[in-house]
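# Analysis of the macromolecular model
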Amino acid sequence: MSGIMYLARSSDPKVLEKAESGGAVTSLLRFLLETGKVDGVVTAKARNGNRYAGVPVLITEPEELIDSAGSLHCSIPNIPRFVKEYLDGAMKMKLAVVGKPCDIRALIELQKREQIDLDNLILIGLNCTGTISPTTAKQMFIDEFKVNPNEVIREDIDEGKLLVMLEDGTTKSLDLMKLEEKGYGRRENCRRCEINIPIFADLACGKWGTEDEEERATFIEACSDKGRLLVEEAIERGFITAERPDKKSIKKREEKDNAEKELAELWKERDFKPILDLDLSKRLEYWLNEFNKCIKCYGCRDACPICFCDHCLLEASRGFLEGGEIPPDTVFPLTRLAHVADSCVNCGQCQDACPMDLPLSKLFSLLNARLNEVFGYMPGIDVDQKQPLSAVIMEELQVEDTFLDISSINKALQSKSSKRD
Amino acid sequence: MKTEQVEKRGSAKTHEDIFEPKIIAFLCNWCSYAGADLAGTSRIQYSPIVHSVRVSCSSRVDPTYVIKALMMGADGVLIAGCHPGECHYKSGNLLTRRRFMMLKTLLETIGIEPDRLRLEWISASEANKFASVVDDFVKQIKKLGPNEMGEQ
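Since this is a predicted model, take the numbers as computed values, not measurements. (Residues numbered from 1 in each chain as written. Chains lettered and ligands numbered in written order. Predicted model: local features only at pLDDT ≥ 70, side-chain atom pairs only at ≥ 80, totals over all residues. Heavy atoms only, no water.)

Along chain A, the regular secondary structure elements total 15 helices and eleven strands. Its C-alpha radius of gyration of 22 Å places chain A within 12% of the 22 Å reference for a compact globule of 421 residues. Each principal axis of the C-alpha distribution contributes one length, and for chain A these read about 60 × 60 × 40 Å. Here chain A holds 421 residues, and the buried ones make up 53% of them. (Helix = DSSP H or I, 4+ residues; strand = E, 2+ residues; numbered from the N terminus. Rg over C-alpha atoms; globule rule 2.2 N^0.38 Å. Buried < 20%, exposed > 50% of the residue type's maximum accessible area, 1.4 Å probe, protein only.)

Rendered as structure tokens:
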């Protein structure tokens, strides 16, 4: 589905100055807050001005919005968990949430589990080509860019280059692929991520497609009626100005998206193939070695935006696992894998939280990719498509096989419905 | 029986004969358990090395139970439920089937032979099917050999 597209700019010069591109997102948020359409805005902000310590924040005063303008590539705030855990899943308040594609996908998965109320949320998705873990980023700036990390005021990933801008106005850029070969660069899960434009949010905003503009602008795609109305009203009230992008910029955006997708496929192949090439017993040995490092800190479970059980099976009080045993039984990581792998949105929060550096996101996204093939299910894209382990369709009653061929069931359904039309 | 012991006796037993697999069977209360019961009362012979666990529905089997059984050294796990369309709770067995599909993929991904897990539809009257499924599964597991997890 492609929605109505805009090239938008903020009408506020102060926002324009600080913004990543056209400042339209910050101004849209201001519009929402000032007109009382939302009770608050959830976005990320550099804590105490530290770019490497971005945290999710709830902003209720329009004046504070300016603090959140601009992108933070070297922080990994857990927006969906914040909304669910600390804002009561937006059950009682209206919120606008700004997030990367994986954040938005996690929110959509949480809606399927009735942990949040999506009706109360306006989802503003940002284009994303990846984020960098803060410690890696600092080390990389020192080792490779030869700059003081504290002097960096902006980063950008564009056309295979990582660009940093310093306080004194100078910029430096290095080839991202080369950095990543050396172990720097984006987080592992981001390298493998093929979802750059969040067209499942209400608005998908970003820089792609605005490169040829003389003045910086934000490319907005309104992907739902909610999103379209919001942009139209904000234009009417003078918070943003907007024009329609020409064919050239739409094409440019598509090209950039496709280039990133291709790169992601390469990374997937690179990360997954060595594991899949191992024979089964070697593969088991590999994973058991990794699992043996686990110190059972529950960090992965607590960071996972999809894990939501009030009384987790892994707690010692449930009697499923022995309490106080380190490393815990292999069942510990595998239980989480069995419970959430079908809905993993590849946000990488588990691996970021892990103090022992277990390759969790690799395990989860590998299984998720394989389950996608089995179930034909892509998590976090369509709120009406139920998660594969808890949704069954009546057609399955007619099938005796113990392993369903879901694609052929779906095909039969489609041809049936097209005949009816 | 340990391998050395057999060798000492000079017996010509093959690996498959020596290996007595441990098999856990989760049986649905409404069909497969009754089917197993019928197999018993009908004096149908089947392999005695299957440990049955009666569950109120095959979908009561959390995927982690299967994983836990295998991680604790079970050589095979059998889940048996009602035929599609005959579930006492209408769609429980359909959920089981989806979990089974997930588990098969999961086991393969982490390096455990997916054939160690089997799902079968066995109704209360299918005592013969129960016996033949168990025998066949035991044969299959014997061919696979012992679960590596059990040796650790």
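This paragraph deals with the side chain of Asp75(B). All names here are of chain B. Tracing the backbone shows aspartate 75 in the loop between helix H4 (63-71) and strand E3 (76-81). Put simply, aspartate 75 is tucked away with no salt bridge, and the nearest opposite charge, on arginine 116, sits 4.5 Å away. Residue contacts for aspartate 75: discarding those within four places in its chain leaves Phe19, Glu20, Pro21, Lys22, Arg116, Ile141, Pro146 and Asn147. (Lys, Arg positive; Asp, Glu negative; His and termini not counted. Salt bridge = Lys/Arg side-chain N within 4 Å of Asp/Glu carboxyl O. Contact = heavy atoms within 4.5 Å.)

All names here are of chain B. Pairing in this open sheet of four strands is parallel, and the strands run E2-E1-E3-E4 from one edge to the other. Both outer strands of the open sheet, strand E2 (50-55) and strand E4 (117-121), are each paired with one neighbouring strand and no more. Within the sheet, the average angular offset between the axes of one strand and its neighbour, ignoring direction, is 20°. In the sheet, strand E1 (residues 23-28) pairs with E3 via five bridges, with the strands oriented parallel. Counterpart to isoleucine 24 in the pairing with E3 is valine 77. Here helix H3 (residues 32-41) sits on the sheet and contacts E1, E2 and E3; the angle it forms with E1, its principal contact strand, is near 110°. Helix H6 (residues 127-144) rests against E1, E2, E3 and E4 of the sheet, and its axis sits at about 165° to E4. (Pairing = 2+ DSSP bridges. Axes fitted to C-alpha atoms, helices over the stretch in contact; angles between N-to-C directions.)

Right, let's get into the side chain of Asp257(A). Tracing the chain through its elements places Asp257(A) in helix H9 (residues 247-277). Here the side chain of Asp257(A) touches Asn196(A) through a polar contact of 2.8 Å, side chain to side chain. (Polar contact = N/O pair within 3.5 Å; in protein donor to acceptor, adjacent residues only side chain to side chain.)

Take the sheet that holds strand E5 (residues 121-126) of chain A next. Residue and element names in this part refer to chain A. Here eight strands make up an open sheet; going across it, the order is E3-E2-E4-E5-E9-E10-E1-E11 and the pairing mixed. Of all the strands in the sheet, just strand E3 (54-59) and strand E11 (240-243) have a single pairing partner and so form its edges. Sheet twist, expressed as the mean angle between neighbouring strand axes with direction ignored, is 30°. Where strand E1 (residues 4-10) meets E11, four bridges bridge the pair, whose relative direction is antiparallel. Following the sheet pairing, serine 10 is matched in E11 by isoleucine 240. Across the sheet, helix H3 (residues 79-86) lies against strand E2 (40-46), E3 and strand E4 (95-99), angled at about 130° from E2, the strand it touches most.

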